[in-house]
Structures are given as C-alpha cells and as structure tokens.
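Remarks on the overall topology
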Amino acid sequence: MVYPVMISRLEPYREVLDNGVVLLYNRSRDTPSVALRGSLPAGSAREPEDKAGLASFVGRILRRGTTHRFSQEISAVVEDIGASFATWGGTEEAGFSAKCLGRDLATVLDLLQEVLEQPAFPETEVERTRAEVLTVLREHEESTRARADLAILRMLYPEGHPYSRPSIGNRETVEALGLEDFREFHDVFYAAPGMIVTIAGDVDLDLVRGRLAGWFKEKPTPPPLSSWTVEPNGDAGRVVIPMPHKSQVDLIMAGPGVPRHHPDFLPLTMVNLILGSLGLMGRLGEQIREQQGMAYYVSSRSTSRLWAGEWTANAGVAPENVDRTLEAILEQVRIIRRELVSETEMTDATDYLIGSLPLRLETNDGIASYLLNTEYYRLGIDYIDRYPGQVRAQTRERLRQAAQDHMDPDRFSIAMAGPLPP
Amino acid sequence: MPDVLEAQLQNGLRVLIRESHAAPVVSCWAGYRVGARNERPGITGASHWVEHMSFKGSARLGKGDIFRFTARHGGTNNGFTTDDLTLYYETLPSAQLDTALLIESERMGYALFDADETEKERTVILAERSGAENNPHFELSERMGETVFLEHPYRWPVIGFREDLERMTREDLYTHYRTYYAPNNAVVAVVGDVDPPAVLEEIRRYFEPIPAGGTPPPVEGAEPPQTEERRLEVRKPGASAYVQIAYHTPGLGHPDFYPLLMADALLSGGKSVSWGGGGYMGRTARLYPALVHSSLAVSAGSAFRFTLDPYVFSLSMTVRQGVDANRAEQVLLEVVEGLAANPPSDAELSRVRRQTEAQFAYSRDGVTSQAFALLFFDLLDHWSFVDRHLERLAQVTPADVARVAATYFRPENRTVGWFIPS
C-alpha cells in the first residue's frame, strides 16, 4: 500500500510493513541529514496507578544497556558518528527520535532496533535513572508552574485516569519500581503492531524498509489499548498552593475541551487562537499584558488528545494582581461566547493555520513530526490537501457555537502556586 | 556552501542574502551590536527593555502589528537580547518577505517609545524578572556575574537589576535606542526561497532612507586579571545542590579560542554553532563518565560561547542526592584542570570533530537556522567565520588543548558558586 502525494515540495509515502509497523517517509536531498520519529502504544495509560511512572521509566532506560552492549558502548556508537537519539514514555505512547547523517542511517536503525527490542535494565543504570527521575520530581515540587499544573490535572480528570497524573510518576511509586516491573512492561507492550515510524531527509527507502521489516519479528501482538475516553470533570474547583519564598504566582484556569477526533476540534482551535494565542497571546495578551501591564506572560491553549481535551489559560502575575487577572480572563471567555469574533480576527486565524503549514515543514524534523501526527490521529496521508479547505469552511457563527458548547466559565477549575496566604 | 550576496548600503547597513529553495519559506533577521555590555549602572536592562519597546509601535506600525502581521501569514517572529547583541527575526512564506522588511525597517528607524506604553512595559518587565526569580538558580547566576566580573559590564544580568528597572525613564530608553539602533551598527540577513538581487533592491527601498547614526561609544570597564579563587554560596529552598564554575578566557580572535572550544567539546560533546542542532553528544565526553556515570551527579556540562569581549569558560553540575558536594566539586575540578596533564588522544579528537561536523550539517537544515548563523557571526566578526569553523577545529592539536588547560584552568582563575538547598 503506497500512496504518493504531491503537495508543494512534500512527497510523503506510507506503507504498512508485514510486521505491522506503519512507515511514513519523505525524501529530500537539501541537507545530508536525516530525522526520524517513532511512536508505539506503550505510555502510562498501560500502567496501573500504583506503578505510576513505570512507562516513563522504561522509556528513559531503554538506551542504557542492552543484552549485547553496556550503556557507554551504545553512546560510543551514536556519538562517534555525531548522531543523537532519544527514547521516552509519555501518557498515551512511548516515543523515539533520532538525527544522523544520511550515510549513517543503517547504523542508527540497527542500534534503535537493539535498544527497543533487547534492553537489559542493568541494576546500576536503574539506580542512576531513578536518581535522575527523583531529582526532576524534587525540582517540580519547587516549581510554581509544575505544582499548579499537577493540581489542575487532578481537578480536571477522574482519579485513575492517565490524564489525571503526570507520566513521570511520583516519588513513592518511582522509589518502589523494580526490575520485574520493567521487564514485564517491556515484554507485553513493546511490539511492532501499533508502531509508527516516520523518516525525512536524505534516505534510501529500500534500506529503511528492509531494516524496519525485521523489527520485533517474533514478538506477539500486545493486548489492545483500553479506551480511556472520558468527559473531564465538570465541577469547578480551586486550589491555592502557598510557596512564600517565591516572587511571583503561577495561575492556571482550565476547563473541559474536546478530543482530537471531535468535530469541534478545529473551531475550538480557532477560538483559542483568537482568545489567547495568536500574535502576542491573542486577546488575553492584549488585555492583560499590553493594556493592563499585569503579566509578562498570559496565554491559553486548547489541548486535544486521543481520549479527551482541555482548555487552559496560564499567567505569571504578582500576588496582588491574581484576582484582577482571573476576572480579566473570565471576562474574555464570556465575550467570546457572547459575541462573534471580528471578520479580521477570523481571517487572521484562518490565514495563520494555513500559512504556518509550510513553516512546520521547513526542516526534516518538522516533516517527520508532522507525518507522525497525521498517522497517530489517522488523519490520512492526504490531510495536507484537505486541511486548508477544512479551515476555510469554518465560520464566525461556528466558532461562537463551539465556545458556547465547550467553554463554560462555571465549570472552570483554578489552581495557583506562589507567595500566597493559604 | 552556497553563495552569499553581501552588500553594504550607503548608510552603513550590512546586508547578507542566501538562496535556499528547500521549502517555500524565507527567514529575515536584523541584529544590532547592543546588549547588557553597552549598559552602565542605573540603566542595566535598557537593551532588553528597548527590545520590548520595539514591538510597541512605530511611524507606520501600530502596537501589536508586528505579531499580528507575522501571524496573519502563518509566520513566526521574536526578539532576543544577550550580553552582546539584540536580534530579531521573522520566518514567513517566501511571498511575504515584504512584511518582514517593513517590520525590521520600522524597528530600525522609527520606533515611537510612547510614554504610556513605556510605563505599562515597566510592570511587564518587572513581572518577567519576578518569574525568573522563581527559579532557585536565578540568584546564583546573578551573583556569579557580579563575582566573576569586577569591572566589565558582563557583570550585570541582561534583564537588569530591579532597582534600575523601577527607576529608568523613557528618555533613558529612547537615548539608548537612538544610540545603538543605527544602520551602521546593524546587519540584516535573509535566507530562503528568494531571488537575491531582487531582495537586495527591496532592502534598499526599505532601509536606505534610514540615516546613519554616530559611532556607538566604546565599551568601558577593562576587566583586571583574576589573581585568586573567588567563591560564593546561595542558600535557598530548592531541590538539589548545584554548582557553577567560571574561568576567565580570551576572546574570539585569540589563538587560544579554538583550543578552548575543543576543550569544551572534549568535556561535554560537540555542539551546534547555530539555531537548533543534533542534541546532546556528551555521554562519551569526559564529564559524563566521571560525574554522572559514576553516580556523583545527575547532570554535568560545560559551555564556551562566542562573544565580543573576553568571557568565561563555564561548568555546571547538579549533584546527586546524598552525595557530598565537596567531593563532587573535587572530581569536577580534577577532570577539567586535569586536561593539562591528560591531553586528548587522537581518537577523542577525531570523535568530537565528527560530532561537530554532524552538528554543523544539522544546523543547515532550515532557513531560520541558516539566517541566524549568517547574522550572528557577521555581528561578531564576519559571516564567513562560520565556514572556517570546522577547519579551525581540525587544526587544534592535543598539545594545544593541554596548553590552554594549563593556562586558563587554574585555581586562581576560577570562580566557584554553589546553590545549597535549605
């Protein structure tokens, strides 16, 4: 199954290999480098809550020793040729990426295969990785932004849902993770079916196809991924985290949004662009930073994931400006629900979404990321052809309706951390 | 290396244009030789504040238009202030280059510095500083600057001291702007899907009417030689013990510069000379095995920057929980200062040369990165400097590295700053 598509200078190909790996590929000779991205359904959604952080830990430690090589031997192979690669575990998926010169692609693909298929989880590397993760978690405990983020996720999603906790886990669970946990998780969930690999740059397709076809050849198909589709909590909550030694408050206001496949994904994306993202942070930036000078940053984002989504506004403000900032954000939400956006705003948002596409596809890594995204959300190899039409089909009325349907200020939760009284 | 069309307008503005047809996009950068280095007590932070004000309206652009016009075409834009330079860019679909030229010519010649806008921006910048103060390491970095440099203006932070930000006037800022935002103190670089001669004509049309300015005043504050070790300590709530170490070094044109750059690569891997790059390549360098792999630290790195005046070779390390910080410091110093007695093998040198070569190739992926490199090196020296980068590194011998290590990595030339979590 090969579908050539000609879009501007992008000529992506898609192929499902016999082992189940979906390969997307775009060849270009403009630079001698290659960028690769990959994904497989082995994120924290696969782990029990009492082992929070397991998927992330496995993702981190894969490259730190295989049954054939020590960690430093792997690094020597990669760094001797000026390549770099990374593996990680997120919420829905585990991921990997690599950059190398085209001439070294076979070496990097072989090493990636070894790392993904045959990790050894050596004890010293486990303890080294654990120390690093615990350091990151301690730093989060000292970060106003991370503390507020954590609080808002707990308010937005029901207990036990993978979106309700960060994929990195927490101190208690990470301290308790052991070798058997890593081995079992890897044995069950790291496999070719469900894996996506995208490559862009100066590559030889036959070489890539030949190498990837051999990945995880003898491995059984993992159990299907449960659906975690959920309507985020609708009850407004408010959490204040006093951190008296800090200079500024990080505040977050958030409410339920829509998952990526929802028909309102695009209109809500455009509502958010106008409200808190486009230009210098949209209407929120204009009102709160530019007109009132209350914050260095105030912006919003609309996040749409596989199973649910959320709308979030963030600001960093002085403690005395917290209430005014919250009210200013709420006021802008009320306005965008009540009034049509202007013709100019509609045109700006439309032109931004269409015009930014060539910029996203400017580098090999940008192309590889774009291809991964289209495959992950099953948008189709011809998505780039259909996308401009979908954006232009939106109307101001449609945007207002989406705001009314999905952005209810009465359902917003608020979290803030900084020099505040309890 | 594709050709660069190089020109100087009658008002002294240097212009660099390169064709790159990999994607239908163009990146336009404008840069000025002004930064914290050109400030004095009382107006620290002026360069950064001027950067903010340059987005606030000019003769032909209203406040917010720069972000609005760029976003409208799907583009990206930003501004950056460093110790030495202030840089701006827009990356846009190539048909929209005029938008970028309008923005940058207005910024160079006709910014308004409205008094009300200046006051609103004061609170925004104070909020930006408060946000930075939330980071436990900010105070250490600020105090390191003042301890390492006793006379040279590299001693103050780019964002400026709080008391100066509270007192600086609109006139201070406008004077700073008029002194340094002159075509004869600036470079414009354009890389993309364009016809260079036609672009040069457009640049003449936009920029030639801007009159040349006077010669910017010389930077005052010759740094006296350091004769003994300096130490400082910051105790605040935080996650981990963290150290910064700085050794005074010579500047860009000095014969020891490239051997020091090689020492940096030997200690923590080959690095990119531009925007983007291939990621971290330091696991096989000297610091990682000695400190991270040996479980003393969770991270350790080195940095050596291209600057206008002699700067520092710096090191940083986050100590692993439970490890004696003094012991970790001792090992770090042994590795760095031990380079003199333990120069690199040919194999080590070859590896970091291959890494640097690959990083160089990655930095050529994308017009934004290419335009940045042209502009940055032309402001420091000449754009072609970057073309000779690999050749200069290739000429460094093990004896050169040993010599510069013996010359600069000495106890009496170092400043050691500790962050101790309380």
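Anything mentioned here points back to the structure above.
We now turn to the structure provided with this report. (Residues numbered from 1 in each chain as written. Chains lettered and ligands numbered in written order. Predicted model: local features only at pLDDT ≥ 70, side-chain atom pairs only at ≥ 80, totals over all residues.)

Here's the deal with the overall build of chain B
When helices and strands are tallied, chain B shows 15 helices and 11 strands. In terms of overall size, chain B behaves like a compact globule, its C-alpha atoms giving a radius of gyration of 22 Å where 422 residues would be expected to give roughly 22 Å. Counting only C-alpha atoms and orienting by the principal axes, one finds that chain B spans roughly 60 × 50 × 35 Å. Residues counted as buried form 55% of the 422 residues belonging to chain B. Taking the contacts inside chain B whose residues are at least 6 apart along the sequence as the reference set, 81% of them involve residues at least 24 apart. (Helix = DSSP H or I, 4+ residues; strand = E, 2+ residues; numbered from the N terminus. Rg over C-alpha atoms; globule rule 2.2 N^0.38 Å. Buried ≥ 20, exposed ≤ 12 C-beta atoms within 10 Å, placed from the backbone. Contact = placed C-beta atoms within 7 Å.)

Regarding the environment of Tyr-89 of chain B
Residue and element names in this part refer to chain B. Here Tyr-89 lies in strand 5 (residues 86-93). The class of Tyr-89 is buried, set by 26 C-beta atoms lying within 10 Å. Sequence separation of Tyr-89 and Ser-27 is 62 residues, and the distance between their C-alpha atoms is 7.0 Å. With sequence-adjacent residues up to four places away left out, Tyr-89 is seen in contact with Ser-27, Cys-28, Trp-29, Asn-77, Asn-78, Thr-368 and Ala-371.

Remarks on the nonpolar core
All names here are of chain B. Among the nonpolar cores identified, the biggest contains 192 residues, and Trp-29, Val-188, Ala-189, Val-190, Ala-371 and Leu-375 are the most heavily contacted of them. For this core, the element with the highest residue contribution is helix 13 (residues 367-380), accounting for 10 residues. Formed by 53 residues, the second largest nonpolar core is a distinct cluster that contains Met-144, Leu-266, Phe-304 and Ala-405. (Core = buried A, V, L, I, M, F, W, Y, C linked by C-beta atoms within 7 Å.)

Here we look at the packing of helix 1 (residues 46-53) of chain B against helix 7 (residues 170-180) of chain B
All names here are of chain B. It is at 9 Å that the axes of helix 1 and helix 7 come closest, and there the two elements cross at 85 degrees. On the basis of the axis angle, helix 1 is roughly perpendicular to helix 7. Contacts between helix 1 and helix 7 pair Ala-46, Ser-47, Trp-49, Val-50 and Met-53 from the former with Asp-172, Leu-173, His-176 and Tyr-177 from the latter. In terms of residue class, the contact of helix 1 with helix 7 is made up of 6 nonpolar, 2 polar and 1 charged. (Axes fitted to C-alpha atoms, helices over the stretch in contact; angles between N-to-C directions. Parallel < 35°, antiparallel > 145°, perpendicular 65-115°, else oblique. Nonpolar A, V, L, I, M, F, W, Y, C, P; charged D, E, K, R; others polar.)

Remarks on the interface of chain A and chain B
In this assembly, 58 residues from chain A lie in contact with 59 residues from chain B. At the level of elements, helix 2 (71-80), strand 5 (94-101), helix 4 (123-141), helix 10 (278-291), strand 9 (295-304), strand 10 (309-317) and helix 12 (343-360) of chain A are the ones that each hand at least two residues to the side of chain A that touches chain B. Sort the elements by how many residues they give to the side of chain A that touches chain B and helix 12 of chain A lands first, with 9 residues.

A closer look at the pairing of strand 4 (residues 76-81) of chain B
All names here are of chain B. As paired strands, strand 4 and strand 5 are joined by 6 bridges and run antiparallel to one another. By the bridge assignment for strand 5, Thr-81 is matched with Thr-86. Between the end of strand 4 and the start of strand 5, which pair antiparallel, lie 4 residues. (Pairing = 2+ DSSP bridges.)

Observations regarding helix 2 of chain A
Looking at helix 2 of chain A, one finds that the buried residues are Ile-74, Ser-75, Val-78 and Glu-79 of chain A. The arc that holds the buried residues of helix 2 of chain A, viewed along the axis, is 120 degrees, so those residues lie on one side. On its buried side, helix 2 of chain A packs onto strand 4 (84-89) and helix 3 (105-117) of chain A together with helix 12 (346-363) of chain B. A positive phi of about 65 degrees marks Gly-82 of chain A, the residue just after helix 2 of chain A. (Arc of directions from axis to C-beta.)

Focus on the environment of Trp-215 of chain A
All names here are of chain A. Within the secondary structure layout, Trp-215 lies in the loop between helix 8 (205-213) and strand 7 (238-242). Residues Trp-215 and Glu-339, spaced 124 residues apart in sequence, show a C-alpha to C-alpha distance of 54 Å. In contact with Trp-215, other than residues within four places in its own chain, are Asn-19, Val-21, Gln-113 and Ala-192.

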